[in-house]
Amino acid sequence: EKGGFESFMDKEIHDQPQAVADTLRGRTDADGRIVLDDLRIDEAVLRSVDKIIVIACGTAAYAGHVAKYAIEHWCRIPVEVELAHEFRYRDPIVDAQTLVVAISQSGETMDTLMAVRHAREQGAKVLAVVNTNGSTIPRESDAVLYTHAGPEIAVASTKAFLAQITAAYVLGLYLAQLRGNKFPDEIATTLDELRDMARKVQTVIERGEYVRATARSMKDADKVLFLGRHVGYPVAMEGALKLKELAYIHAEGFAAGELKHGPIALIDDGQPVFVVVPSPRGRDQLHSKVVSNIQEIRARGARTLVIAEDGDDDVRPYADEIFWIPKAPTLLQPLLAVVPLQIFAMALATAKGLDVDQPRNLAKSVTVE
Ligand code: M6R
């Protein structure tokens, strides 16, 4: 069943190009318009939505954080992202104009299910972005948009994350189409770029051996930090989560802009820090700001492990290791940048002799609150 791979996780990392392609398949008509047949929410209701709240846990919540940047940018609808267990036990402001998007690989996560029930009781429409057909969360939601990642067996989520981002982006583009926020040709172009991501993810996987070798050389690390900005911030948090759950190493993801507000005090000689560098072609100053961050932490002794776009020579002087990823639009970069972090965590755990498919204390789906 592992298809010749060392572990289910390794197989599922390799399944990622397919997961992205399959999640996009069949979601446009002959004119290139997005059609979401499986969405059973009235179009008029979707047009009147004035707020989106994404509820999820763990990796699925990080997919939601990534999606927030894209959906707000494309649709100009405010998007909040909240851990399902926190949402349920405060007094969230939701009404009939709120669209709650519940993201879950298993469709069985009890924290997320309870939040879905709570949102519906308050009159919100709930749309589930779920990987497992016929699971409980879609059954209890108003609508479902399936991710087509195929079964995910390893406890650490990988291909589901890429499929969740892809599906949430399709949803964002669909809402933009419905509400007239974007011209049809802009939507078609973004979809084409999204379709092209499967090929680029494959390229990142093919470059995995260098990541593995680096991980093997770091098996004695006892704390690893991850920095990112914009959509790279949730990627940093996801990279840290992978390392915690697989290699039992204390890891933390930070927004790069927070460094000088505290976390830079953690940097001392030899401290490994991953940095996800935004595209140098973005219209904003994100790239140069993150490059300055790399310079700052390196000056304080950090060992910098940099994820950067092909051809980004600005990072070279400050990077101890560079993991190159293909060029992509800023919003799509997470689909590439997370892959070396997955491979790193898996390889480091393997080097420590740990079971990457079944990490201690964890279950694939958390069916208790
Ligand atoms: O099945 P779900 O997507 O609802 O699961 C949510 C989290 O429990 C899950 O993503 C967890 O954080 C993974 N072990 C992360 O690798």
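Provided above is the structure to which this section pertains.
Reading the values: rules and limits
Residues numbered from 1 in each chain as written. Predicted model: local features only at pLDDT ≥ 70, side-chain atom pairs only at ≥ 80, totals over all residues. Heavy atoms only, no water. Helix = DSSP H or I, 4+ residues; strand = E, 2+ residues; numbered from the N terminus. Buried < 20%, exposed > 50% of the residue type's maximum accessible area, 1.4 Å probe, protein only. Pairing = 2+ DSSP bridges. Axes fitted to C-alpha atoms, helices over the stretch in contact; angles between N-to-C directions. Near = heavy atom within 4 Å. Polar contact = N/O pair within 3.5 Å; in protein donor to acceptor, adjacent residues only side chain to side chain. Areas by Shrake-Rupley, 256 points an atom, 1.4 Å probe, with all protein chains shown as cover. Nonpolar A, V, L, I, M, F, W, Y, C, P; charged D, E, K, R; others polar. Core = buried A, V, L, I, M, F, W, Y, C linked by side-chain atoms within 4.5 Å. Contact = heavy atoms within 4.5 Å. Salt bridge = Lys/Arg side-chain N within 4 Å of Asp/Glu carboxyl O. Parallel < 35°, antiparallel > 145°, perpendicular 65-115°, else oblique. Left-handed = near helix turned anticlockwise from the far one by under 90°. Right-handed = clockwise from strand over helix to strand, strands pointing away.

Visitor: Looking at this structure, I do not really get unusual backbone geometry. What am I missing?
Guide: Note on backbone geometry: most residues besides glycine have negative phi, and most peptide bonds are trans. Phi at tyrosine 248 is positive, roughly 55 degrees, even though this residue is not glycine. Tracing the backbone through its elements, the reader meets tyrosine 248 in the loop between helix H12 (232-247) and strand E7 (250-255). Although it is not a glycine, asparagine 361 sits at a positive phi angle of roughly 65 degrees. On the basis of relative accessibility, which here comes to 78%, the residue asparagine 361 falls in the exposed class.

Visitor: What should I look at first to understand the sheet that holds strand E6 (residues 223-228) in this one?
Guide: Each strand in a sheet pairs with another by means of backbone hydrogen bonds, the pair being arranged parallel or else antiparallel. The strand order E7-E6-E8-E9-E10 describes an open sheet built from five strands, whose pairing is parallel. With partners counted over all chains shown, the strands left at the sheet margins are E7 and strand E10 (321-325), one partner each. If you compare each strand with its neighbour and ignore which way they point, the axes differ by 20 degrees on average. When strand E8 (residues 272-276) meets strand E9 (residues 303-309), the two strands line up parallel, connected through five bridges.

Visitor: Just checking my understanding: could you explain the site of the ligand for this structure?
Guide: Around the ligand, 13 residues are found, and the nearest of them are Ser104, Gln105, Ser106, Thr109 and Glu245. Interatomic distance of 3.1 Å between a backbone N/O atom of threonine 59 and an oxygen atom of the ligand. The contact in question runs from an oxygen atom of the ligand to an N or O atom on the side chain of serine 104, over 2.6 Å. A total of 410 Å² of accessible area belongs to the ligand in isolation, and the protein chains cover 90% of it. For the shell around the ligand, the secondary-structure elements that each account for two or more residues are helix H4 (58-75) and H12. For the shell around the ligand, the leading source of residues is H4, giving three residues. A breakdown of the residues in the shell around the ligand according to their chemical character gives four nonpolar, seven polar and two charged.

Visitor: Would you take a moment to explain the nonpolar core for this structure?
Guide: Generally speaking, a soluble globular protein has its nonpolar side chains buried in company with each other. Grouped together as the largest cluster of nonpolar side chains are 96 residues, with contacts concentrated most on Ile52, Leu99, Leu127, Tyr169, Phe226, Leu243 and Phe274. When near neighbours in sequence (up to four residues on either side) are disregarded, phenylalanine 274 contacts Val224, Leu225, Phe226, Leu227, Leu305, Ile307, Phe323, Leu341 and Phe344. Counting 20 residues, the second-largest nonpolar core is a separate cluster that includes Val290, Val291, Ile294 and Val315.

Visitor: Is there a simple way to think about the pattern of salt bridges in this case?
Guide: Think of it this way: side chains of opposite charge can pair up when their charged atoms draw near. Taken as a whole and judged by the stated rule, the model has 22 salt bridges. Two residues, aspartate 15 and lysine 159, come together in a salt bridge whose shortest N-O distance is 3.1 Å. Remark: lysine 159 occurs in helix H8 (residues 159-179) and aspartate 15 occurs in the loop between helix H1 (8-14) and helix H2 (16-24); sequence separation between them is 144 residues. Of the two residues, aspartate 15 and lysine 159, neither departs from the other in class, the shared state being buried. Note that lysine 364 is salt-bridged to glutamate 152, the shortest N-O span being 2.7 Å. In this pair, lysine 364 is assigned in the segment after helix H14 (334-351) and glutamate 152 in the loop between strand E5 (143-146) and H8, connecting sequence segments 212 residues apart.

Visitor: Looking at this structure, how should I read the side chain of glutamate 321?
Guide: Position of glutamate 321 relative to the elements: it lies in strand E10. Residue class for glutamate 321 comes out buried when judged on its relative accessible area of 14%. Polar contacts involving the side chain of glutamate 321 include one to the side chain of arginine 303, which spans 3.0 Å. Sequence-distant contacts of glutamate 321, defined by excluding residues within four places in its chain, comprise Tyr210, Thr214, Arg303, Thr304, Leu305 and Val306.

Visitor: Which parts of the structure should I look at to understand the packing of helix H10 (residues 197-206) against H14?
Guide: In helix packing, the relevant descriptors are the interaxial angle and the interaxial distance, both defined with respect to the helix axes. In contact at an axis separation of 9 Å, H10 and H14 are set at 30 degrees when each is read in the N-to-C sense. Classified by the angle their axes make, H10 and H14 are roughly parallel. Of the two elements, H10 crosses H14, and the hand of that crossing is right-handed. Here Met197, Lys200, Val201, Val204 and Ile205 of H10 come into contact with H14, specifically with Leu335, Leu336, Val339, Pro340 and Ile343.

Visitor: Any chance you could explain the pairing of E9 here in plain terms?
Guide: A regular strand carries its side chains on alternate faces of the sheet. Among the seven residues in E9, six count as buried, and that is most of the element. Tracing the backbone out of E8, into helix H13 (residues 286-299) and back to the parallel element E9 gives a crossover that is right-handed. Sheet topology note: the E9/E10 ladder contains five bridges and is parallel. Bridging across to E10, glutamate 309 finds its partner in isoleucine 325.

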